[in-house]
Amino acid sequence: MNMRPLLLAAALLAAPASAAEAPGSDPGWSLVWSDEFDGASLDASKWTLADNCWGGGNEERQCYTPTPANHHVAGGLLSIIARRQSHSGPAFPPDQRNTPEKRQASRTKPFTSARLSTDGKASWRYGKVQVRAKLPQGQGTWPAIWMLPEGWDYGAWAASGEIDIMEAVNLGTPCPDCAGGVENRVLGTIHFGGQPPRNRYIGDETALPGSREAFHVYELEWDAQGMVWRVDGVAFARRAPHEWHSLGSDAPGAPFDRPFHLILNLAIGGHLPEGRNDKGVDDSGFPKMMQVDWVRVWQKDAAPAAESGGR
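Residues numbered from 1 in each chain as written. Predicted model: local features only at pLDDT ≥ 70, side-chain atom pairs only at ≥ 80, totals over all residues. Heavy atoms only, no water.

Description of the layout of surface pockets
What the largest pocket holds in volume is close to 1,500 Å³. Forming the walls of the largest pocket are 47 residues, and the residues nearest its centre are Trp54, Gly56, Trp146, Leu148 and Glu162. Put simply, the parts of the chain that give the lining of the largest pocket at least two residues each are β2 (48-49), β7 (115-117), β9 (141-149), β10 (162-167), β11 (185-193), β12 (199-207), β16 (260-268) and α3 (271-274). A breakdown of the residues in the lining of the largest pocket according to their chemical character gives 20 nonpolar, 14 polar and 13 charged. (1 Å grid on protein atoms, 1.4 Å probe; cavity = no way out; pocket = protein on both sides within 12 Å on 5 of 7 lines; lining within 4 Å. Points joined across faces, edges and corners; volume = space filled by probe spheres on them. Helix = DSSP H or I, 4+ residues; strand = E, 2+ residues; numbered from the N terminus. Nonpolar A, V, L, I, M, F, W, Y, C, P; charged D, E, K, R; others polar.)

Right, here's the structure in full:
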């Protein structure tokens, strides 16, 4: 990577971004998939919107809906919008509706939001994933850019792995351990091992450079030798294959040797944010918004994507 964060700092504070902010264009890398959000609506050939009130297994407090109230594309930006509004919907995501009772079950939550996924539409084994995004502030907010296995070849979570490119909780709230006493950190994590309680995770966190309310580029570079997490081109975490394992396979590199798809979402509440900072969820100041300028996926020695960015 040849990013120079100090020189780019001013540019990263404003949208839209220039092509120069795409460090994946280093020699040997080809753009294989992207979404610049230049249209008037979400590209359904690239993304699927969740529709459930499951809570992600973390007791999150939102229902995900596919409605325009919770997402829109305009001005070259995707906005994921969390609202304080009661909503009822399916109690489980589609892959868990495996009994008549679960197919009929519903649940009501006090917030709504959106969760986008490329599941079944685009997935990658190794490469460089970059997302330029601006994150919401406030106790209980939990925006995330992350990846799940496309085929679940090694078994149910977390035997087949999970890659969290960026998570942030409670930005802008009191934090005695943070510079300035205000929460300004993002996290990069992998989950692996077996199904609970035999699941394991390793993660690191870093303070956001510059303003926590600005656009930043979140990046994962991933190959057979390991993973590197970056913010605005600066590495803050590295993982090597000897640090992870899967109880579903003895293959070297498992579970992170298979294709993974990408997820963008904004959760409200849940174990992680509610256990930190001021605890719980502050229900003032809604709606909350996560904005995404672009998503780009690069691979080494790959054929460039078609002009449309499809794959």
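Some details on the pairing of β16
Judged by how many residues are buried, β16 sits mostly within the fold: nine of nine residues are covered. Of the two faces of β16, the one carrying Phe260, Leu262, Leu264, Leu266 and Ile268 and the one carrying His261, Ile263, Asn265 and Ala267 are both buried. As paired strands, β7 and β16 are joined by three bridges and run antiparallel to one another. By the bridge assignment, Ser117 is partnered in β16 with Ile263. Note that β9 and β16 share nine bridges and pair antiparallel. Considered in β16, the bridge of Trp146 is made with Ile263. (Buried < 20%, exposed > 50% of the residue type's maximum accessible area, 1.4 Å probe, protein only. Pairing = 2+ DSSP bridges.)

What about the side chain of Asp35?
Looking at the element boundaries, Asp35 is found in strand β1 (residues 29-35). Lys46 provides the closest opposite charge to the buried, salt-bridge-free Asp35, at an N-O distance of 4.6 Å. Polar contacts involving the side chain of Asp35 include one to the main-chain amide nitrogen of Phe37, which spans 2.9 Å. (Lys, Arg positive; Asp, Glu negative; His and termini not counted. Salt bridge = Lys/Arg side-chain N within 4 Å of Asp/Glu carboxyl O. Polar contact = N/O pair within 3.5 Å; in protein donor to acceptor, adjacent residues only side chain to side chain.)

Examining the environment of Val281
Within the secondary structure, Val281 is located in the loop between α3 and β17 (288-300). Separated by 72 residues in the primary sequence, Val281 and Pro209 place their C-alpha atoms 26 Å from one another. What Val281 contacts, discounting residues up to four positions off in sequence, is Arg61, Phe111, Gln139, Gly140, Ile268, Gly269 and Glu274. (Contact = heavy atoms within 4.5 Å.)

Thoughts on the sheet that holds β7
Pairing is antiparallel across the open sheet formed by seven strands, whose spatial order is β2-β7-β16-β9-β10-β11-β12. Of all the strands in the sheet, just β2 and β12 have a single pairing partner and so form its edges. Note that β9 and β10 share four bridges and pair antiparallel. Bridging across to β10, Ile145 finds its partner in Met166.

With respect to the pattern of salt bridges
A full pass over the atoms with the stated rule returns 14 salt bridges. Where salt bridges share partners, they join Lys128, Glu219, Glu221 and Arg230 into one cluster.

Points about the side chain of Thr118
Within the secondary structure layout, Thr118 lies in the loop between β7 and β8 (127-134). Beyond its immediate stretch of four places on either side in the chain, Thr118 contacts Trp33, Lys46, Trp47, Trp124, His261 and Leu262.

Here we look at the state of the cysteines
The final tally for this structure, using the stated rule, is two disulfides. Across the disulfide from Cys53 sits Cys63; the S-S distance is 2.0 Å. Residues Cys53 and Cys63 are joined through a disulfide that is right-handed, its torsion about the S-S bond being 110°. Taken together, the residues span a long stretch of sequence, with Cys53 in the loop between β2 and β3 (62-64) and Cys63 in strand β3 at a distance of ten residues. Across this residue pair, the class does not change: Cys53 and Cys63 are buried. Numbered in order of appearance, the disulfide-bonded cysteines of the protein chain are paired 1-2, 3-4. (Disulfide = S-S within 2.5 Å.)

Concerning unusual backbone geometry
In this structure, Pro255 follows Ala254 across a cis peptide bond, with omega equal to 10°. In this structure, Pro255 sits in the loop between β15 (234-239) and β16. In this structure, Pro287 follows Phe286 across a cis peptide bond, with omega equal to 5°. Here Pro287 shows up in the loop between α3 and β17. In this structure, Asp232 is a non-glycine residue whose phi angle is positive, near 50°. Positionally, Asp232 belongs in the loop between β14 (226-231) and β15.

Quick look at the pairing of β10
Taken across its six residues, β10 has six buried, putting it largely inside the fold. As defined by bridge partners, β10 adjoins β11 across four bridges and the pair is classed as antiparallel. Looking at the pairing, Glu167 lines up with Leu187 of β11.

Just geometry here; none of it tells us what the structure is for.
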